[in-house]
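Read off the chains here:
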Amino acid sequence: MNMLIRSITALVLLTVTFSVSATSWHDNSHYVALGPRTGYYIVRPGSSLSDQLGIDGAPTVDTADPFRHGYGADALAFRFNRAGILSAPPAYIVQATPNQFYTQRLGSFIRGQSRLPDANALFGQPQSIERRPDGFIAYYAIQVYNPFEDLGGGRK
């Protein structure tokens, strides 16, 4: 009986260890520096960097949801101070490979100089705005499609 309990405990510990390492394996969130006041974050939804930046309110939708058939949403997050001036590097919250169209445009934003109308000119109106004591975060949703997550629904 004692051996059975030890075996089950070892199996549970191994399962937990492998599931934790598998989760963190795909988190390649990082900062891309382009200059002294230019750059952007590439962030995976739910990552530790997402928590640190305080952008968990991003309007992302998981493409792996079986009811969405591969369709989902990534997001862009811009943190502005009360005067509407960019106070931190923008973040691209992305599930798969970042789209060069968005990374090139994010690189044009300058901390301390770019304003909300600059973001609106490139990405339209934000889908949501999260108020903060020091300003606000404007979120822009990006519709995406991952054909590898589309598990059916079509004719064969």
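Each value, and the rule that gives it
- Residues numbered from 1 in each chain as written.
- Predicted model: local features only at pLDDT ≥ 70, side-chain atom pairs only at ≥ 80, totals over all residues.
- Heavy atoms only, no water.
- Buried < 20%, exposed > 50% of the residue type's maximum accessible area, 1.4 Å probe, protein only.
- Helix = DSSP H or I, 4+ residues; strand = E, 2+ residues; numbered from the N terminus.
- Arc of directions from axis to C-beta.
- Contact = heavy atoms within 4.5 Å.
- Core = buried A, V, L, I, M, F, W, Y, C linked by side-chain atoms within 4.5 Å.
- Pairing = 2+ DSSP bridges.
- Axes fitted to C-alpha atoms, helices over the stretch in contact; angles between N-to-C directions.
- Polar contact = N/O pair within 3.5 Å; in protein donor to acceptor, adjacent residues only side chain to side chain.
- Salt bridge = Lys/Arg side-chain N within 4 Å of Asp/Glu carboxyl O.

Enquirer: Can you help me understand helix α4 (residues 116-123) in this one?
Expert: Within an α-helix, residues lying three or four positions from one another point in the same direction, as the helix has 3.6 residues per turn. Along α4, the positions that sit buried rather than exposed are Leu116, Ala119, Asn120 and Phe123. End-on, the buried residues of α4 take up no more than an arc of 100 degrees, which puts them together on one face. In α4, the exposed positions angled more than 90 degrees off the buried face are occupied by Pro117 and Ala121. For α4, the elements touching its buried residues are β3 (71-81), α3 (100-106) and β6 (135-145). A positive backbone phi angle near 85 degrees is found at glycine 124, which sits one or two residues after α4.

Enquirer: Even after reading the chapter, I still don't get the nonpolar core, so can you show me in this structure?
Expert: One recurring pattern in soluble globular proteins is that nonpolar side chains are buried together. Counting 19 residues, the largest nonpolar core has Leu76, Phe78, Phe80, Tyr92, Phe123 and Tyr140 as its most contacted members. Only β2 (39-43), β3, α3, α4 and β6 provide two or more residues apiece to this core. By residue number, the principal contributor to this core is β6, which donates 4 residues. Once residues within four sequence positions are removed from consideration, tyrosine 92 is found in contact with Tyr41, Ile42, Val43, Asp74, Ala75, Leu76, Pro98, Asn99, Tyr102, Thr103, Leu106 and Ile142.

Enquirer: Can you walk me through the sheet that holds β3 in this structure?
Expert: Hydrogen bonds along the backbone pair up the strands of a sheet, which may run parallel or antiparallel. Spatial strand order, β1-β2-β4-β3-β6-β5: 6 strands in an open sheet with mixed pairing. The open sheet is flanked by β1 (30-33) and β5 (128-132), the only strands paired with a single partner. Pairwise comparison of adjacent strand axes, ignoring direction, gives a mean angle of 20 degrees for this sheet. With 4 bridges joining them, β1 and β2 adopt antiparallel strand pairing. Bridging from a neighbouring strand, alanine 33 pairs with glycine 39 of β2. Most of the contacts of α4 go to β6, to which it runs at about 10 degrees, and overall it touches β3 and β6.

Enquirer: Would you explain the side chain of serine 29 in this entry?
Expert: Looking at where serine 29 falls in the secondary structure, it is placed in the loop between α1 (2-25) and β1. Only 2.7 Å separates the side chain of serine 29 from the side chain of aspartate 27, close enough to count as a polar contact. Engagement of the side chain of serine 29 in a polar contact is seen with the backbone nitrogen of arginine 44, the distance being 2.9 Å. In contact with serine 29, other than residues within four places in its own chain, are Ile42, Val43, Arg44, Ser47 and Leu49.

Enquirer: How should I be thinking about the environment of arginine 37 in this particular structure?
Expert: Considering the arrangement of structural elements, one finds arginine 37 in the loop between β1 and β2. Separated by 72 residues in the primary sequence, arginine 37 and phenylalanine 109 place their C-alpha atoms 8.5 Å from one another. Not counting residues within four places of it along the chain, the set of residues in contact with arginine 37 comprises Phe109, Ile110, Arg111, Gly112 and Gln113.

Enquirer: Help me understand the pattern of salt bridges in this model?
Expert: Side-chain pairs of opposite charge can arise whenever the charged atoms involved come near each other. Within the structure shown, the criterion is met by 1 salt bridge. In this structure, glutamate 130 engages arginine 132 in a salt bridge whose closest nitrogen and oxygen atoms are separated by 2.7 Å.

Enquirer: Got a minute to help me understand the environment of tyrosine 31 in this structure?
Expert: As for its position among the elements, tyrosine 31 is in strand β1. Considered as a pair, tyrosine 31 and proline 90 are 59 residues apart in the sequence and their alpha carbons are 9.9 Å apart. Discounting residues that sit within four places of it in the chain, tyrosine 31 has contacts with Thr38, Gly39, Tyr40, Tyr41, Pro89 and Arg111. A polar contact is formed between the side chain of tyrosine 31 and the backbone oxygen of threonine 38, at a distance of 3.5 Å. A distance of 3.4 Å separates the side chain of tyrosine 31 from the side chain of arginine 111, its partner in a polar contact.

Enquirer: How do you make sense of the side chain of serine 114 when you look at a structure like this?
Expert: For serine 114, the location among the structural elements is in the loop between α3 and α4. There is a polar contact of 2.8 Å between the side chain of serine 114 and the backbone nitrogen of isoleucine 110. Contact partners of serine 114, with chain neighbours within four places excluded, come to Phe80, Gly84, Ile85, Leu86, Ser108 and Phe109.

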